[in-house]
Amino acid sequence: MEKSNILLIEDDADIREGVRILLESENFSVTEAENGISGLKLLTEETDLVILDVMMPGISGLKTCEEIRKVSYVPVLFLTAKSQESDKLIGLMAGGDDYLPKPFSYSELLGRVKALLRRYQVYRGKTETHRETEKYLEQAGIRISENFNEVYVDGLEKELSDIEYNILLLLMRHPKKIFSAQNLYESIWNEPYFYSCNSTVMVHIRKLRVKIEKDPQKPEYIKTVWGKGYKFETRYE
């Protein structure tokens, strides 16, 4: 099996060493960088996941993530000493896919890494699924691949993160069905839901609307059903 390539950007040498040893013991290929500038230079098309410290000297992890998002939709896992909900939302808005506060257990880190890689590999076509068997869903002007992260809105291709793609695909597979924040989180993240996860879902819905809606403030595709959740509208009302 081909090794997954992980880019680890962390200024603490001890943490870098511990994470590298853990990931290499799980047969991952790890490239290390001690700051954001070095990390950006090491990012390639072969990178499958970035583990990124938020608090670093020089260019911050948040700024580094914003620069990564200009060229790649590789999943980004933030590591940070901050655990406030507002800090988590800032990280997600900067383009991060997940967030792990320090100190963390290696089992927790490994679980997050494997989950992000699994989603990325499946929807970027790095599994044995062949593009010849690719199928599309088409609803209300949106065309989405059921196998790969490939989305068109009114004929224009849209670049979505894998989380955004998975949310849109789930909603489009069940048009008009109302999904609560808990439904979405447990289906997409495949993790137990806690009340704080509602904000995580909300941020990704907001980012998705910015990319696919003509007016994100007045969404035509992804509707909010107040007090219940979200649904995909099959036609304009």
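As the structure is a prediction and not an experimental result, all values here were calculated from the model.

Engineer: Help me get a handle on the overall build of the chain, residues and values and all.
Structural biologist: Of regular secondary structure, the chain possesses 8 helices and 11 strands. The burial tally for the chain puts 49% of its 237 residues in the buried class. Long-range pairs, those at least 24 residues apart, make up 56% of the contacts in the chain with a sequence separation of at least 6. Approximately 12000 Å² of the chain is accessible, and the part contributed by carbon and sulfur atoms is 49%.

Engineer: Which residues make up the nonpolar core, and what values do they have?
Structural biologist: Residues Ile-142, Leu-168, Ile-212 and Ile-222 are the most contacted members of the largest nonpolar core, which totals 29 residues. Sequence-distant contacts of Leu-168, defined by excluding residues within four places in its chain, comprise Ile-142, Ile-144, Val-151, Leu-160, Leu-208, Ile-212, Ile-222 and Phe-232. Residues Val-19, Leu-23, Leu-49 and Ile-51 belong to the second largest nonpolar core, which totals 18 residues.

Engineer: Lay out the sheet that holds strand 7 (residues 142-145) in plain terms, naming residues and giving numbers.
Structural biologist: In space, the 4 strands of this open sheet follow the order 6-7-8-9, with antiparallel pairing throughout. This sheet does not close on itself; its edge strands, each paired only once, are strand 6 (136-139) and strand 9 (156-158). When the angles between neighbouring strand axes are averaged without regard to direction, this sheet yields 25°. The pairing of strand 8 (residues 151-153) with strand 9 spans 3 bridges and is classified as antiparallel. Counted as the bridge partner of Tyr-152 is Glu-157 from strand 9.

Engineer: Quick one: what's the story with unusual backbone geometry, residue by residue and with numbers?
Structural biologist: Note that the residue after Lys-102, namely Pro-103, is joined by a cis bond; omega there is -5°. With respect to the helices, strands and loops of the structure, Pro-103 is situated in the loop between strand 5 (98-101) and helix 5 (106-123). One non-glycine residue, Asn-190, adopts positive backbone phi at about 55°. Looking at the element boundaries, Asn-190 is found in the loop between helix 7 (181-188) and helix 8 (197-212).

Engineer: Tell me about helix 1 (residues 13-25), and please be specific about residues and values.
Structural biologist: With 13 residues, helix 1 should reach 18 Å at 1.5 Å per residue; the first-to-last C-alpha distance of 18 Å fits that figure. Restricting attention to buried positions, one finds in helix 1 the residues Arg-16, Gly-18, Val-19, Leu-22 and Leu-23. For helix 1, the capping residue at the N-terminal end is Asp-12, with a side-chain oxygen 2.9 Å from the backbone nitrogen of Asp-14. Once helix 1 finishes, Asn-27 follows within two positions and takes phi at roughly 75°, a positive value.

Engineer: Give a description of the pattern of salt bridges that names residues and reports values.
Structural biologist: Any two side chains of opposite charge can pair if their charged atoms end up close together. Under the definition given, this model contains 17 salt bridges. Arg-20 is the salt-bridge partner of Glu-32, the closest N and O atoms lying 2.8 Å from each other. With Glu-32 in strand 2 (residues 29-33) and Arg-20 in helix 1, the pair connects residues that are 12 residues apart, well separated along the chain. We classify Glu-32 as partly exposed; its relative accessible area is 32%. Between Lys-231 and Glu-233 there is a salt bridge, and its shortest N-O distance comes to 3.6 Å. One exposure class covers both Lys-231 and Glu-233, and it is buried.

Engineer: Outline helix 3 (residues 61-69), listing residues and values.
Structural biologist: Where helix 3 is concerned, the buried positions are Gly-61, Thr-64, Cys-65, Ile-68 and Arg-69. Viewed along the axis of helix 3, the buried residues span an arc of 140°, placing them on a single side of the element. Elements in contact with the buried residues of helix 3: strand 1 (5-9), helix 2 (36-42), strand 3 (49-53) and strand 4 (76-80).

Engineer: Which residues make up the sheet that holds strand 1, and what values go with them?
Structural biologist: Judged by pairing direction, the sheet is parallel, and its 5 strands sit side by side in the order 2-1-3-4-5 without closing on themselves. Unpaired on one side and paired on the other, strand 2 and strand 5 mark the two borders of the sheet. The sheet shows a mean angle of 20° between the axes of neighbouring strands, taken without regard to direction. When strand 1 meets strand 2, the two strands line up parallel, connected through 5 bridges. Among the inter-strand pairings, Ile-9 is bridged to a residue of strand 2, identified as Ala-33. On the sheet, helix 1 packs against strand 1, strand 2 and strand 3 and is oriented at approximately 165° with respect to strand 2. With respect to the sheet, helix 3 is in contact with strand 1, strand 3 and strand 4, its orientation differing from that of strand 4 by roughly 175°.

Parameters and conventions
- Residues numbered from 1 in each chain as written.
- Predicted model: local features only at pLDDT ≥ 70, side-chain atom pairs only at ≥ 80, totals over all residues.
- Heavy atoms only, no water.
- Helix = DSSP H or I, 4+ residues; strand = E, 2+ residues; numbered from the N terminus.
- Buried < 20%, exposed > 50% of the residue type's maximum accessible area, 1.4 Å probe, protein only.
- Contact = heavy atoms within 4.5 Å.
- Areas by Shrake-Rupley, 256 points an atom, 1.4 Å probe, with all protein chains shown as cover.
- Core = buried A, V, L, I, M, F, W, Y, C linked by side-chain atoms within 4.5 Å.
- Pairing = 2+ DSSP bridges.
- Axes fitted to C-alpha atoms, helices over the stretch in contact; angles between N-to-C directions.
- Expected span 1.5 Å × (residues − 1).
- Polar contact = N/O pair within 3.5 Å; in protein donor to acceptor, adjacent residues only side chain to side chain.
- Salt bridge = Lys/Arg side-chain N within 4 Å of Asp/Glu carboxyl O.
- Arc of directions from axis to C-beta.

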